[in-house]
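A closer look at the structure
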Amino acid sequence: METDLPPGQPVRRTILVVDDFDDTRLLLKSWLERKGFNVVQAENGNQAVAAAQEARPDLIIMDIEMPELDGLAATRKIRSMKELDSVPVVAVSAYGAQQFRGDALAAGCSEYVSTPFEPDNLERVIRSFLP
């Protein structure tokens, strides 16, 4: 795949950030852009599915509890699409119990990170999927 980047310049990976709180999306967007990622945003599960189809992100950070369509249902929809079924989905939620981690993994999430999280921990998870 050709890009307009100068030779030797790494291709920037795209991350879809899905969260119903504007402040959380903005914070993650700013942080991820400083880390060198392109960021696409969605504020609910329905928007997440549409944005994933359009942007074809390299990774999705998915909130669990959202209006209209929650993160688990959105992940199941994304996983049902052949062109998106292998995109890593990292569930991020304040629900810290092991049960919620199990629910997220059963819905098709690749990993689960409880909030509040240490930025270094989230970056380690992201880099494990996007070396």
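The structure reproduced in this document is the subject of the present report. (Residues numbered from 1 in each chain as written. Predicted model: local features only at pLDDT ≥ 70, side-chain atom pairs only at ≥ 80, totals over all residues. Heavy atoms only, no water.)

Focus on helix H5 (residues 119-129)
Note the cut-off: For the exposure calls, accessible area comes from a 1.4 Å probe over protein chains only, and a residue counts as buried if that area is under 20% of its type's maximum, exposed if over 50%, partly exposed in between. Helix and strand assignments follow DSSP, with helices taken as H or I runs no shorter than four residues and strands as E runs no shorter than two, numbered in order from the N terminus. The directions from the helix axis to the C-beta atoms are what the arc is built from. The contact rule is simple, with two residues in contact once any of their heavy atoms fall within 4.5 Å.
For H5, the set of buried residues is Leu122, Glu123, Val125 and Ile126. Buried positions in H5, seen along its axis, are confined to an arc of 160° and lie on one side of it. Those residues of H5 that are exposed and aimed more than 90 degrees away from the buried face are Asp120, Arg124 and Ser128. Against the buried residues of H5 lie strand S1 (14-18), helix H1 (22-34), strand S3 (59-63), strand S4 (89-93) and strand S5 (111-114).

Looking at the sheet that holds strand S2 (residues 38-42)
Just so we agree on the cut-off: By this definition, two strands are paired if DSSP reports at least two bridges between them. Throughout, an axis means a line fitted to C-alpha atoms (over the contacting stretch in the case of helices), and angles, computed between N-to-C directions, take values from 0 to 180 degrees.
Taken in spatial order, the five strands of this open sheet run S2-S1-S3-S4-S5, and their pairing is parallel. Across the chains shown, the open sheet's two edge strands, defined by having one partner strand only, are S2 and S5. Taking the axes of each pair of neighbouring strands and ignoring which way they run, one obtains an average angle of 20° across the sheet. On the sheet, H5 packs against S1, S3, S4 and S5 and is oriented at approximately 170° with respect to S5.

Topic: the pairing of S4
Every regular strand shows the same layout, with side chains that alternate between the two sheet faces. The buried fraction of S4 is high, at five of five residues. Judged by which residues are buried, S4 turns out to be covered on both faces: Val89, Ala91 and Ser93 on one side and Val90 and Val92 on the other are all buried. Where S3 and S4 come together, four bridges link them in parallel fashion. Within the sheet, the bridge partner assigned to Asp63 lies in S4 and is Val92.

Describing the pattern of salt bridges
Selection criterion: Between Lys or Arg on one side and Asp or Glu on the other, a salt bridge is scored when a side-chain nitrogen of the former is within 4 Å of a carboxyl oxygen of the latter.
Evaluation of the coordinates by the stated rule reveals six salt bridges. Residue Arg25 pairs with Asp22 through a salt bridge whose shortest N-O separation is 2.7 Å. In this pair, Arg25 and Asp22 both sit in helix H1, three residues apart, roughly one turn of the helix. Lys35 is the partner of Glu123 in a salt bridge, and the nearest nitrogen-oxygen pair spans 3.1 Å. Separated by 88 residues along the polypeptide, Glu123 in helix H5 and Lys35 in the loop between H1 and S2 bring together distant segments of the chain. On the basis of relative accessible area, Lys35 is assigned to the partly exposed category, the value being 34%. One salt-bridge network, held together by shared partners, links Asp22, Arg25 and Glu43.

Observations concerning the nonpolar core
Filter applied, for reference: Definition used in this section: a nonpolar core is a set of buried Ala, Val, Leu, Ile, Met, Phe, Trp, Tyr and Cys residues joined via side-chain atoms within 4.5 Å.
In this structure, Leu16, Val18, Ile60, Met62, Ile78 and Ala104 are the most contacted members of the largest nonpolar core, which totals 25 residues. The set of elements that each furnish at least two residues to this core consists of S1, helix H2 (45-55), S3, helix H3 (71-79) and S4. Setting aside its immediate chain neighbours within four residues, Met62 contacts Val18, Ala48, Gly71, Ala74, Thr75, Ile78, Val89, Val90, Ala91 and Val92. Within the second largest apolar cluster, 16 residues are counted, among which are Leu28, Leu32, Leu59 and Val90.

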